Amino acid sequence: MSKITKVNTGSAFEEKGSYSRLVAVDNWIYVSNTAGRNPETKLISEDVLEQAKQVFANIETALAAVNSSLADVVMSRVFIQDPTDTNTVMEFIGQKFKGINPATTVTCPPLGSTVYKVELEVTAYRGAAQLELEHIKIA
């Protein structure tokens, strides 16, 4: 029988917006767009790289709650407030996803507040890291 698991962090935004940080449907895992706010201190750095580091910490904590990890990520969507931060953010993301290489979308739209410099949404498949990998190069 299928199972749905919902993970909440206690964020006021989750409560106000009636959403979960993560929803897992069987082995499919959907992590909501995640900002770089520290969940304990509620603070957010003004530095884009520090925000990116906190974004990943927040996502990794959510994935761990359902026995998953970054290694299971198959899709990421990166939202960067200021296009001039794209190289800095993507270099860091490239380090975090080295060898995982999920499909990725990168865009620079306005975010919910100017305090947010980068946000990330991921889709994972629990156990993907253990599956047989076929790599096809077309160019």
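Residues numbered from 1 in each chain as written. Predicted model: local features only at pLDDT ≥ 70, side-chain atom pairs only at ≥ 80, totals over all residues. Heavy atoms only, no water.

> Pulling in residues and values, what's your account of the overall build of the protein chain?
Check the secondary structure of the protein chain and you find 3 helices and 6 strands. When the elements of the protein chain are put in sequence order from the N terminus, they spell out β-α-β-β-α-β-α-β-β. Based on the C-alpha atoms only, the size of the protein chain along its principal axes is roughly 40 × 40 × 20 Å. Expressed as a percentage of the 139 residues in the protein chain, the buried residues total 34%. In the protein chain, of all internal contacts separated by at least 6 residues, the share reaching a separation of at least 24 is 69%. For the protein chain, the computed accessible surface area is about 8600 Å², with 53% contributed by carbon and sulfur atoms. Of the side chains in the protein chain, 13 bear a positive and 16 a negative charge, and the two mean positions are spaced by 3 Å. (Helix = DSSP H or I, 4+ residues; strand = E, 2+ residues; numbered from the N terminus. Buried < 20%, exposed > 50% of the residue type's maximum accessible area, 1.4 Å probe, protein only. Contact = heavy atoms within 4.5 Å. Areas by Shrake-Rupley, 256 points an atom, 1.4 Å probe, with all protein chains shown as cover. Lys, Arg positive; Asp, Glu negative; His and termini not counted. Charge placed at Lys NZ, Arg CZ, Asp CG, Glu CD.)

> I'd like a description of the nonpolar core, backed by residues and values.
By size, the foremost hydrophobic cluster in this structure holds 25 residues, and its most contacted members are Leu22, Ile29, Ile59, Leu63 and Val118. Elements that contribute at least two residues to this core include exactly strand E2 (22–25), strand E3 (28–34), helix H2 (48–64), strand E4 (73–80), helix H3 (86–96) and strand E6 (118–125). Top contributing element to this core by residue count: H2, with 7 residues. Apart from residues lying up to four places away in sequence, Ile29 is in contact with Leu22, Val23, Ala24, Leu63, Val66, Ser68, Val122, Thr123, Ala124 and Arg126. (Core = buried A, V, L, I, M, F, W, Y, C linked by side-chain atoms within 4.5 Å.)

> Tell me what's going on with the sheet that holds E2, and back it up with residues and numbers.
Strand order in this open sheet of 6 strands is E1-E2-E3-E6-E4-E5, and the pairing throughout is mixed. Each edge of the open sheet is held by one strand with a lone partner, namely strand E1 (4–7) and strand E5 (103–107). Between one strand and the next, the sheet's axes are offset by a mean angle of 10°, whatever the strand orientation. Here E3 pairs with E6 via 5 bridges, running antiparallel. By the bridge assignment, Thr34 is partnered in E6 with Leu120. (Pairing = 2+ DSSP bridges. Axes fitted to C-alpha atoms, helices over the stretch in contact; angles between N-to-C directions.)

> Mind laying out unusual backbone geometry, listing which residues take part and the relevant values?
Even without glycine at this site, Asp26 takes up a positive phi of about 55°. Among the structural elements, Asp26 can be located in the loop between E2 and E3. Although it is not a glycine, Asn67 sits at a positive phi angle of roughly 55°. Relative to the helices and strands, Asn67 resides in the loop between H2 and E4.

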